[in-house]
Amino acid sequence: SQKSEVRSQKSEDRELSTKEWEKILDEIHREGCLFLCLTGGEPLIRDDFLEIYSYAKTKGFIITIFTNGLLLTEKLIDYLHKSPPESIEITLNGITKTTYESITQVKGSFKRVMSVIKELADKNLPLILKSNCLRQNKNEIGRIKAFVDKLLGKGNKRWRFKYDTMIN
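Residues numbered from 1 in each chain as written. Predicted model: local features only at pLDDT ≥ 70, side-chain atom pairs only at ≥ 80, totals over all residues. Heavy atoms only, no water.

Novice: Tell me what's going on with the overall build of the protein chain, and back it up with residues and numbers.
Specialist: Summing up its helical and strand segments, the protein chain has seven helices and five strands in all. For the protein chain, the succession of helices and strands along the chain, N to C, is α-α-β-α-β-α-β-α-α-β-α-β. Taken over 168 residues, the protein chain has a buried fraction of 38%. If you take every contact in the protein chain between residues at least 6 apart in sequence, the share linking residues at least 24 apart comes to 70%. Roughly 10,700 Å² of accessible area belongs to the protein chain as shown, and the carbon and sulfur atoms make up 52% of that amount. (Helix = DSSP H or I, 4+ residues; strand = E, 2+ residues; numbered from the N terminus. Buried < 20%, exposed > 50% of the residue type's maximum accessible area, 1.4 Å probe, protein only. Contact = heavy atoms within 4.5 Å. Areas by Shrake-Rupley, 256 points an atom, 1.4 Å probe, with all protein chains shown as cover.)

See the structure below:
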């Protein structure tokens with residue numbers, strides 16, 4: 001619709017360009033910033049995500065990526081395998097399709113995120129899975145942690161499970 005096109009255009013007008021991001025990265029690098037968290041919304045929605053990520057890596061930033069995992073393609077995963085961040089944090093708010101998709105409201109998202117999580121683990125990428133405290137998942141938190149322990153190794157310092165009771 002015309003209304004959604006206008007809204008979309010306004011959203012794009014507010015987004016920084018790749019060059020603008022590079023200028024910001026240059027500036028915070030000069031000021032001594034070491035740690036960089038790429039988050040959003042969803043940072044992987046940007047067509048230039050890899051350009052920004054690789055530019056930040058060349059500057060020497062220690063990078064964390066916060067994502068829902070749904071947009072991690074084979075191409076992105078292969079790139080991250082060759083040039084890994086400090087960590088990739090994926091929110092896993094359910095261990096069943098019903099719970100997970102009741103939260104994401106995206107049909108097929110559970111199967112997709114579980115596939116991505118397995119691929120990241122198989123490639124030995126620095127993965128952190130986290131859950132928020134929600135009414136829909138309160139009975140699954142223990143099962144989510146058990147899944148993470150089984151998949152990524154209990155007590156493994158490089159991978160872990162985070163449970164967040166904070167409401168922001």
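Picking up where we left off.
Novice: Outline the pattern of salt bridges, supporting the account with residue identities and numerical values.
Specialist: Enumeration over the complete set of coordinates arrives at eight salt bridges. A salt bridge links Asp149 to Lys145; the shortest N-O distance between them is 2.9 Å. Here Asp149 pairs with Lys145, and both are found in helix H7 (residues 141–152), just four residues apart, close to one helical turn. (Salt bridge = Lys/Arg side-chain N within 4 Å of Asp/Glu carboxyl O.)

Novice: Requested: an account of helix H2 (residues 18–30), with residues and values cited.
Specialist: Given a rise of 1.5 Å per residue, 13 residues ought to cover 18 Å, and the 18 Å separating the end C-alpha atoms of H2 matches this to within 8%. Listing the buried residues of H2 in full gives Thr18, Glu22, Leu25 and Asp26. For H2, the buried positions fall inside an angular range of 100 degrees around the axis, keeping them on one side. Elements in contact with the buried residues of H2: strand S1 (35–38) and helix H3 (49–59). (Expected span 1.5 Å × (residues − 1). Arc of directions from axis to C-beta.)

Novice: Mind laying out the packing of H2 against H3, listing which residues take part and the relevant values?
Specialist: For the pair H2 and H3, the least separation of the axes is 10 Å and the interaxial angle reads 20 degrees. Here H2 lies roughly parallel to H3, going by the angle between them. Between H2 and H3 lies a crossing whose hand is right-handed. Only Glu51, Ile52, Tyr55, Ala56 and Lys59 of H3 make contact with H2, whose side of the interface consists of Thr18, Trp21, Glu22, Leu25, Asp26 and His29. (Axes fitted to C-alpha atoms, helices over the stretch in contact; angles between N-to-C directions. Parallel < 35°, antiparallel > 145°, perpendicular 65-115°, else oblique. Left-handed = near helix turned anticlockwise from the far one by under 90°.)

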